[in-house]
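# Structure at a glance
Residue strings, one per chain:
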Amino acid sequence: MPNETFHVFKAERNEAFYSSCNLDSSKYTEWAVVVLFYICMHYVDAVLCLDTSLPEDLRDPIDHTNRSKAVAQCPDLDEIASKYLNLYRRSRDARYNEIDFSKKFFNTLYADYYCPVRDYLRKHLSLPTQ
Amino acid sequence: MSVTYAEKVYCAVNGAERTGWGKQFGMGATPTLRLTRKPFLQMSAHESWAKYWLEMAARRRDLPEFESAEIIEVDSLTSSIESIWQGWSPGFRREFSSPKKNIDKLFEEICGRTVVTQAKPATNQKLYEAYLKMVSTIDIVRQVFLSEAEDITAIWTIIDAPPFEDSVCTPIYDAQLKILRMLKEDMLFDFHVFNISELSDDLKLKHIIPSNANLVWQR
């Protein structure tokens, strides 16, 4: 079962990828949205695996449906659960649906959803928010 | 306690014994369950029984369901016992405040699980009906589609709102989170949200919603 260290490593690696590809200024906003979600997803997984009050399948969710359930049932994630669901929804739109994301929308998603979620999770994991 | 009160309590708790509650915790119960009443037997029998049944009745929502007729009978018996209890002097009532600490322990012994104050796990239907009840009050929600497979329930919430104004969806996410928190171990709900104002002219809902999904609510 992947542990906190692994998930933090994956999240930070995804952040490095995001920066290396300059996705915040890329015209491929849909992929920028996807990467932002997966950064947060791994930080969420790091928090979930630490919550011993959750059943085993929710501490290490095998898919997004189980993960959404885990996010809802993990008290430590209450504060960002709603924003996380929106990031998840927009990542699905980006991957599967014919919805164009403007730069303006992306900037709002980044500032109002990604940053608060990422910073909260890193702080909870005792990591610098930078 | 006066003889009159004692007789009233005795009749009330005997009545409770005759209901389904008696089958669970009374003389009709298994030896293990009857053993949980031991701490109360150290007190005066009638007073301990009244206190015991008051506590058990207060926790009935956490206990196995009864047929509705039995629930009604238990409610009326609870009222009888409560009125008798209120008639006791504060001194008598104080005597039995300490057993209150044991109620949670007794409950764990009875049901074999930790006391939690939460709603009972609900069926899939009750859950999505609860979701419908919540989102139907949100103005931007226009339609709700539902599909049920063996292991997962999928719900599509269609909204009509200014495009890419995600903050308007917060109440919808809150409703989803409430439902997700109520799911039992083997239950899965998959929520989708689509804003029709964001769809291109060529893209229709029928291209997004699976053909096996049913329209379960419409404004």
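Bear in mind the structure is a predicted one, so any value in this text is a computation, not a measurement.

This part covers the overall build of chain A. Regarding its fold elements, chain A presents six helices and zero strands. The burial tally for chain A puts 52% of its 130 residues in the buried class. Counting contacts in chain A only where the partners sit at least 6 residues apart, residues at least 24 apart contribute 65% of the total. Roughly 6,100 Å² of accessible area belongs to chain A as shown, and the carbon and sulfur atoms make up 51% of that amount.

This paragraph deals with the nonpolar core. Ranked by size, the top nonpolar core spans 79 residues in total, and within it Leu 77 of chain A together with Val 141 and Phe 189 of chain B carry the most contacts. Looking at this core element by element, the count peaks at 14 residues for helix 2 (residues 29-48) of chain A. When neighbours within four sequence positions are excluded, Phe 189 of chain B is seen to be in contact with Thr 65 of chain A together with Asn 124, Leu 127, Tyr 128, Thr 153, Ile 155, Ile 179, Leu 180 and Leu 183 of chain B.

Our next topic: the pattern of salt bridges. In total, this model carries 11 salt bridges over all chains according to the counting rule given. Its salt-bridge partner being Glu 198 of chain B, residue Arg 90 of chain A comes within 2.8 Å of it at the nearest N-O pair. Within this pair, whereas Arg 90 of chain A is found in helix 5 (residues 81-96), its partner Glu 198 of chain B is found in the loop between strand 3 (189-195) and strand 4 (214-218), the two belonging to separate chains. A salt bridge links Asp 190 of chain B to Arg 92 of chain A; its shortest N-O distance comes to 3.3 Å. One end of the pair, Asp 190 of chain B, is in strand 3; the other, Arg 92 of chain A, is in helix 5, on a second chain. Arg 92 of chain A matches Asp 190 of chain B in its accessibility class, with the two residues each being buried. If you follow the salt bridges from partner to partner, you end up with Arg 89, Arg 90 and Asp 93 of chain A together with Asp 166 and Glu 198 of chain B in one network.

Counting residues at the interface gives 29 residues for chain B, matched by 25 residues for chain A. The junction of chain B with chain A conceals about 2,200 Å² of combined surface from both sides, 52% of it contributed by carbon and sulfur atoms. Interface area lost by chain B to chain A is led by Phe 164, Asp 166 and Tyr 173 of chain B, which between them contribute 27%. Counting the contacts that link chain B with chain A gives six salt bridges. The residue Arg 89 of chain A makes a salt bridge to Asp 166 of chain B at a minimum N-O spacing of 4.0 Å. The interface formed by chain B and chain A includes 17 residue pairs in polar contact (both at pLDDT 80 or more). Elements that contribute at least two residues to the side of chain B that touches chain A include exactly helix 10 (170-181) and strand 3 of chain B. Looking at the side of chain B that touches chain A, its residues break down into 15 nonpolar, six polar and eight charged.

Calculation criteria
- Residues numbered from 1 in each chain as written.
- Chains lettered and ligands numbered in written order.
- Predicted model: local features only at pLDDT ≥ 70, side-chain atom pairs only at ≥ 80, totals over all residues.
- Heavy atoms only, no water.
- Helix = DSSP H or I, 4+ residues; strand = E, 2+ residues; numbered from the N terminus.
- Buried < 20%, exposed > 50% of the residue type's maximum accessible area, 1.4 Å probe, protein only.
- Contact = heavy atoms within 4.5 Å.
- Areas by Shrake-Rupley, 256 points an atom, 1.4 Å probe, with all protein chains shown as cover.
- Core = buried A, V, L, I, M, F, W, Y, C linked by side-chain atoms within 4.5 Å.
- Salt bridge = Lys/Arg side-chain N within 4 Å of Asp/Glu carboxyl O.
- Buried area = accessible area lost by both parts, 1.4 Å probe.
- Polar contact = N/O pair within 3.5 Å; in protein donor to acceptor, adjacent residues only side chain to side chain.
- Nonpolar A, V, L, I, M, F, W, Y, C, P; charged D, E, K, R; others polar.

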